[in-house]
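Examination of the molecular architecture
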Amino acid sequence: TPVIEFDAVRKVYPDGTVAVHELSLDVREHELLALVGPSGCGKSTTLRMANRLVEPTGGRILLEGTDVTHADPVALRRRIGYVIQNVGLFPHRTVGQNVGTVPRLLGWDKKRTAARTAELLALVGLDPDTYARRYPHELSGGERQRVGVARALATDPPVLLMDEPFGAVDPAGRRRLQAEFRRIQQEVGTTVMFVTHDIEEAVQLGDRVAVFSVGGHLEQLAEPLTVLAH
Ligand code: ADP
Ligand code: ADP
């Protein structure tokens, strides 16, 4: 069974903009599904609907078989990690505190949170002893992005949604971060849906690629080689 299932999903914003048009799409367990297409074709809206940040106008979205519109938002956030470009780290909290925020909110004690924080920072290639006490402004763009990934993974969510996760990173750092992310995703087995406007990135990272066109139409859903040949 798919992890996320979009069933004839439609989103029309109040001003009449059709952002997503009758989208039917399955996200399979453990896959990395790339959503690609030009700016404004509905990629972010699609991602945000899966996380209940945006309500669909029509159709249904199922997460592990349950309609997300009936899901408790807190329970949903526990199942779904979310990473956006420029990460939105809390500027007045250290790296360690940023990564540990959700575990603490869930009632983890300090010791368990610290152990998990150290583990996650190491996983994304940041030495905890060097980085845990720094503030976001003391990091490079790539390092901040890594912290964003670590924070999203803190509660071991089965699903990770990523919106242009590598966008803020310079080209060399970007390739390193992509490779590292791919390794983590395969190691942890997380199901990932990620948005990019970069077809090269979609094809390099995606197990499957969903190609959108303006007006929120899904043009093609295929494995990377097929997309390139198209
Ligand atoms: P993408 O992520 O592919 O760039 P979006 O999902 O952000 O596309 O946007 C799809 C369309 O919906 C665009 O035309 C955009 O201008 C419009 N849109 C996005 N958010 C809103 C909003 N809150 N209100 C009205 N229109 C929106
Ligand atoms: P606080 O004084 O609120 O604990 P810190 O910035 O010292 O603030 O630490 C915040 C969090 O960062 C801690 O809860 C802990 O999980 C984590 N942390 C701090 N230092 C380390 C470290 N060396 N290794 C791993 N995690 C750390």
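Structure first, text after, so check above.
Since the structure is predicted, the reported quantities are computational estimates derived from the model, not experimental observations. (Residues numbered from 1 in each chain as written. Chains lettered and ligands numbered in written order. Predicted model: local features only at pLDDT ≥ 70, side-chain atom pairs only at ≥ 80, totals over all residues. Heavy atoms only, no water.)

**Observations regarding helix H1 (residues 43-50)**
Rules: Burial classification: accessible surface area is computed with a 1.4 Å probe over protein chains only, and a residue below 20% of its type maximum counts as buried, one above 50% as exposed, and the rest as partly exposed. Only DSSP runs of H or I with at least four residues qualify as helices, and only runs of E with at least two residues qualify as strands; both kinds are numbered from the N terminus onward.
The element H1 is extensively covered by neighbouring structure, given that six of its eight residues are classed as buried. Taken residue by residue, H1 has Lys43, Thr45, Thr46, Leu47, Met49 and Ala50 as its buried positions. A positive phi of about 60 degrees marks Arg52, the residue just after H1.

**Quick look at the site of ligand 2**
Worth spelling out the cut-off: Here, proximity means that at least one heavy atom of the residue falls within 4 Å of the molecule or strand. Polar contacts, as counted here, are pairs of nitrogen or oxygen atoms within 3.5 Å of one another; within protein the pair requires one atom able to donate a hydrogen and one able to accept it, and residues that are adjacent in sequence qualify only if both atoms are side-chain atoms. For every accessible area listed, the method is Shrake-Rupley and the probe measures 1.4 Å; residues are considered covered only by the protein chains on display. Under the scheme applied, nonpolar residues are Ala, Val, Leu, Ile, Met, Phe, Trp, Tyr, Cys and Pro; charged residues are Asp, Glu, Lys and Arg; polar residues are all the others, including Gly.
Contacts to ligand 2 come from Thr94, Gly96, Gln97, Thr113, Ala114, Thr117, Ala118, Pro128, Asp129, Ala132 and Arg133. One nitrogen or oxygen atom from the side chain of Thr94 is found 2.9 Å from an oxygen atom belonging to ligand 2. Here a nitrogen atom of ligand 2 and a side-chain polar atom of Asp129 are 3.2 Å apart. Starting from 540 Å² of accessible surface for ligand 2 in isolation, the protein chains cover 68%. When residues of the shell around ligand 2 are traced back to their parent elements, those giving at least two are helix H3 (95-105), helix H4 (110-123) and helix H5 (128-131). By residue number, the principal contributor to the shell around ligand 2 is H4, which donates four residues. A per-class count over the shell around ligand 2 returns four nonpolar, five polar and two charged.

**Here we look at a nonpolar patch on the surface**
The condition is simple: Only residues above 30% relative accessible area that lack a salt bridge enter a patch, with like-charged residues linked at up to 9 Å and the nonpolar side chains Val, Leu, Ile, Met, Phe, Trp and Tyr linked at up to 5 Å. We define a salt bridge as a side-chain nitrogen of Lys or Arg found within 4 Å of a carboxyl oxygen belonging to Asp or Glu.
Together, Val102, Leu105 and Leu106 line one region of the surface with nonpolar side chains, adding up to about 260 Å² of accessible area. Residue placement: Leu106 occurs in the loop between H3 and H4.

**Some words on the sheet that holds strand S3 (residues 32-36)**
Note the threshold: Strands qualify as paired when DSSP identifies two bridges or more between them. The axes are straight lines fitted to the C-alpha atoms, using for helices just the contacting stretch, and the angles between their N-to-C directions are given from 0 to 180°. Two residues form a contact once any of their heavy atoms are found within 4.5 Å.
Taken in spatial order, the six strands line up as S6-S7-S8-S3-S9-S10 in an open sheet, and their pairing is mixed. Of all strands in the sheet, those bounded by a partner on one side alone are strand S6 (80-84) and strand S10 (217-222). Strand-to-strand, the axes of this sheet are offset by a mean angle of 15 degrees, without reference to chain direction. Where strand S9 (residues 208-213) and S10 come together, five bridges link them in antiparallel fashion. Looking across to S10, one finds that Val209 is bridged to Ala222. Packed onto the sheet, H1 meets S3, S6, strand S7 (159-163), strand S8 (191-196) and S9 and runs at close to 150 degrees relative to S8. Together, S3, S7 and S8 form the strand contacts of helix H7 (residues 171-188), whose direction differs from that of S3 by roughly 135 degrees.

**Focus on the site of ligand 1**
Around ligand 1, the structure places Tyr13, Asp15, Thr17, Ala19, Pro38, Ser39, Gly40, Cys41, Gly42, Lys43, Ser44 and Thr45. One of the backbone nitrogen or oxygen atoms of Gly42 is found 3.0 Å away from an oxygen atom of ligand 1. Relative to its free-state accessible area of 560 Å², ligand 1 is covered by the protein chains to the extent of 61%. If one sorts the elements of the shell around ligand 1 by residue count, H1 sits on top with three residues. A breakdown of the residues in the shell around ligand 1 according to their chemical character gives four nonpolar, six polar and two charged.

**Notes on the nonpolar core**
Buried together is how nonpolar side chains tend to be arranged in soluble globular proteins. Inclusion rule: Buried residues of nine kinds, namely Ala, Val, Leu, Ile, Met, Phe, Trp, Tyr and Cys, make up a nonpolar core once their side-chain atoms join them within 4.5 Å.
Counting residues in hydrophobic clusters, the biggest one holds 35 residues, and the most contacted among them are Leu160, Met162 and Phe181. Per-element tally for this core: the top contributor is helix H6 (residues 141-152), with four residues. Those residues in contact with Phe181 that sit more than four places away from it in its chain are Leu32, Val149, Leu160, Met162, Phe166 and Val192. The next biggest cluster of nonpolar side chains, apart from the first, holds 28 residues, and it includes Phe6, Leu47, Val159 and Val195.

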